[in-house]
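Fold and contact review
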Amino acid sequence: MKKIVAFVAAILSAAVVLAQDVPSWYSEDVKVSEKEISRKDDSGKYVPFIDKSFTACTFVKVEGEIDSLYAAQNKGEEIATKKLTDYLKKNKETAALAIKPKLVGWSYDYSLETGGTYVMVEVVTSAPKPQTPVAARDEAKEIRNISSSMPRILLYKNDRLTLVDQLNMNSQESKEAHRLEYTGKGVTNSTSKESFYYSDGVLVFDTVVRVKGGNLKFNLKNVIKGRKTLIVARVDCGVQDQDYVLTIGGIDYKANVKRDQKNRWVNVVFEVEEGVITTYSPDVLIKSKTKSSIAVGSIAIYQLL
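The following paragraphs examine the structure supplied in this document.

Calculation criteria
- Residues numbered from 1 in each chain as written.
- Predicted model: local features only at pLDDT ≥ 70, side-chain atom pairs only at ≥ 80, totals over all residues.
- Heavy atoms only, no water.
- Helix = DSSP H or I, 4+ residues; strand = E, 2+ residues; numbered from the N terminus.
- Expected span 1.5 Å × (residues − 1).
- Buried < 20%, exposed > 50% of the residue type's maximum accessible area, 1.4 Å probe, protein only.
- Arc of directions from axis to C-beta.
- Lys, Arg positive; Asp, Glu negative; His and termini not counted.
- Salt bridge = Lys/Arg side-chain N within 4 Å of Asp/Glu carboxyl O.
- Contact = heavy atoms within 4.5 Å.
- Pairing = 2+ DSSP bridges.
- Axes fitted to C-alpha atoms, helices over the stretch in contact; angles between N-to-C directions.

1. Section: helix α2 (residues 69–90)
For α2, built from 22 residues, the straight-helix expectation of 32 Å at 1.5 Å per residue is met to within 8% by its first-to-last C-alpha distance of 31 Å. Turning to α2, its buried residues are Ala72, Gln73, Gly76, Ala80, Leu84 and Leu88. Each buried residue of α2 sits inside an arc of 130 degrees when the element is viewed along its axis, so together they form one side. For α2, the exposed residues lying more than 90 degrees away from the buried face are Glu78, Lys82, Lys89 and Lys90.

2. Considerations on the side chain of Lys175
Inspection of the secondary structure assignment puts Lys175 in helix α5 (residues 172–177). The side chain of Lys175 is buried and forms no salt bridge, while Glu176, the nearest opposite charge, is found at 8.6 Å. Sequence-distant contacts of Lys175, defined by excluding residues within four places in its chain, comprise Leu167, Asn168, Met169 and Leu180.

3. Thoughts on the sheet that holds strand β10 (residues 215–219)
Taken together, the five strands give an open sheet; going across it, the order is β7-β10-β15-β12-β13, and neighbouring strands pair in antiparallel fashion. The open sheet has two edge strands with one neighbour each: β7 (181–183) and β13 (251–257). Taking each pair of neighbouring strands and ignoring which way they run, the sheet shows an average axis angle of 25 degrees. Bridging between strand β12 (residues 242–248) and β13 involves seven bridges; their strand directions are antiparallel. Note on β13: the bridge partner recorded for Tyr244 is Ala255.

4. Re the sheet that holds strand β1 (residues 31–40)
Sheet architecture is open: four strands sit in the order β1-β2-β4-β3, paired in antiparallel fashion. Two strands close off the open sheet at either side, each with one partner strand: β1 and β3 (102–109). Strand-to-strand twist across the sheet, computed as the mean angle between neighbouring axes with direction ignored, equals 25 degrees. Bridging between β1 and strand β2 (residues 46–61) involves ten bridges; their strand directions are antiparallel. For Glu36, the partnering residue across the bridge sits in β2 and is Ile50.

Spelled out as C-alpha cells, the structure:
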C-alpha cells in the first residue's frame, strides 16, 4: 500500500514540474523598443544606426484541432503575425510593414490541463540615426568678441590658424619694428591710453591710435608668402558707425563696425586669401571708407601654416 501511495505522489509531483510558468518575454501587448548600434553605411564609414524592434506574442492551447504542441506553435505564429501586422498598419509603420515577421521565441507548457505553446514574432527595422542639426557657428563674430589676450591657435572656417605676428600700439619698439606711419594728404593722428569694455563685460586696457583723413600704414613680420592670413584689429567703436578698409597686395578688405557707446571694444576681422601675400614683409593700410577718423588698438596676425 505504501508503495502505491509513493508511486501516485511521484506522478503528481511530475505533473507539477511539467506545469510551466509564463515566459518572461511574454506580453499581451505589442512591444516596441529601440537601441543604438554602430555599423557601416554605404560609404563604409561607421555611423550610429537605430534598430527599432516590434514584437507580438500569443498563447495557443492544445485542444480540439490543435492536437500537439508543434501544431499550437504553428497556429501561434500565424496569430501573432496577424496581431503584429495589424498594429503596424494602424500606426503607419511603413518600413516595418515591408519586412516579414520572424519567429524569434517559443516555449512549451507540458501540463495536461493548460498545455500549449507561447509564441513571439518580431520585426526589426534599421536606419541611420537622425543627426541633430548643428547651428552654424559665426566664427567671425566669436573672434570679434575675444576680450582676453589673442590665443596662439585660432580655429576659423575649419582651418587651424597660428599666431605669427602682433603689433602692440603700447610699445614703441613694436611700432618701429612694424614701421608704423600715417600717410595721406592732410592726415592727422593722435595716441591715447584707453580702458573700454567688450560685450562680455570684460574691461580691457590698450593704446589707441586715431587717424583722420589718411591711412594707418605698417608692415607684417614673420609671415609666409602665399598663405591664408587673418588680420584681427582691436578698434574703438564708441564714436560712430564705421566702415574699415584694409588694403594688402592691392586688394581691399572691408569690415563694418556699428557704434556701441557701452561696449566700445570690438575686434575687426580681415580674411586674406591664399596667394595674396607675395613678399615676406608686405605693406598694410587701414583706413576709413568715408575718410572719417579710425581708432585702432593692438593687431594680431594669423596664418595657416
